[in-house]
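# Breakdown of the fold
The primary structure of each chain is shown beneath.
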Amino acid sequence: MKTILAMILAIAIAAPLQAQQIMDGSAADQELSKQMAEALIGKATDPYSAQFAKLKQKGADVCGLINLKNQNGGYTGFHPFLFSQGQMFLDQTTPC
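Overview of the structure. (Residues numbered from 1 in each chain as written. Predicted model: local features only at pLDDT ≥ 70, side-chain atom pairs only at ≥ 80, totals over all residues. Heavy atoms only, no water.)

## Concerning the pairing of strand β5 (residues 87-90)
The following threshold applies: Two strands pair under a simple rule: DSSP has to find at least two bridges between them. Only DSSP runs of H or I reaching four residues or more are called helices, and only runs of E reaching two or more are called strands; each is numbered from the N terminus.
In the sheet, strand β4 (residues 79-84) pairs with β5 via four bridges, with the strands oriented antiparallel. Each bridged residue has a counterpart across the sheet, and for F81 the counterpart in β5 is L90. The loop that links β4 with its antiparallel partner β5 comprises two residues; one of these, Q85, has a positive phi angle of about 50°.

Quick look at the structure:
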């Protein structure tokens with residue numbers, strides 16, 4: 001029994017964190033999506049739970065709406081963002 005519990009715990013710890021979700025079927029290039037996820041680390045409380053919507057890709061830039069969790073674990077609502085040159089700019093009002 002202890003072995004089974006230890007295996008379950010090991011699997012749970014080793015499992016990847018929840019991935020970002022695209023809420024409306026819009027999409028960005030897979031490599032850009034990976035870079036966007038990496039750019040959120042350090043900018044968001046829980047970058048792996050980010051929700052994206054209305055994504056538009058123009059060359060190497062991506063803009064749209066992002067919904068992030070706050071420190072209490074609740075989503076804050078969708079806000080505009082711009083991903084450009086490897087950096088994530090949150091609450092951008094610049095149209096894409």
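## Things to note about helix α2 (residues 30-40)
Definition in use: To sort residues, take the accessible area from a 1.4 Å probe on protein chains only and compare it with the maximum for the residue type: under 20% means buried, over 50% means exposed, and anything in between is partly exposed. Here, the arc refers to the directions that run from the helix axis to the C-beta atoms.
Along α2, the positions that sit buried rather than exposed are L32, M36, A37, A39 and L40. What you see down the axis of α2 is that its buried residues fit within an arc of 160°, all on one side. A positive phi of about 95° marks G42, the residue just after α2.

## Structural notes on the environment of K58
Along the polypeptide, K58 turns up in strand β2 (residues 51-58). The exposed category is assigned to K58, whose relative accessible area is 52%. Sequence separation between K58 and S84 is 26 residues, and the spatial gap between their C-alpha atoms is 9.9 Å.

## Quick word on the nonpolar core
Stated formally: Throughout this description, the term nonpolar core refers to a set of buried Ala, Val, Leu, Ile, Met, Phe, Trp, Tyr and Cys residues connected via side-chain atoms within 4.5 Å. Should any heavy atoms of two residues lie within 4.5 Å, those residues are considered in contact.
Formed by 14 residues in total, the largest nonpolar core has its most connected members in L40, F52, F81 and F83. Secondary structure elements with two or more residues in this core: α2, β2, β3 (61-67) and β4. Take this core: its biggest share by element is four residues, from α2. Non-local contacts of L40, meaning those with residues more than four positions away in its chain, are made with P47, A50, F52, I66, L68, M88 and L90.

## Quick notes on the sheet that holds β5
Sheet architecture is open: five strands sit in the order β1-β2-β3-β4-β5, paired in mixed fashion. The open sheet has two edge strands with one neighbour each: β1 (21-22) and β5. Here β3 runs beside β4; their pairing, made up of five bridges, is antiparallel. Looking at β4, one finds that V62 is bridged to F83.

## Section: the side chain of S84
Mapped onto the elements, S84 comes out in strand β4. If sequence neighbours within four positions are ignored, S84 has contacts with D61 and F89.

## A closer look at unusual backbone geometry
One non-glycine residue, K54, lies in the positive phi region at around 50°. Here K54 shows up in strand β2. The backbone of Q85 shows a phi angle near 50°, a positive value even though the residue is not glycine. Relative to the assigned elements, Q85 resides in the loop between β4 and β5.

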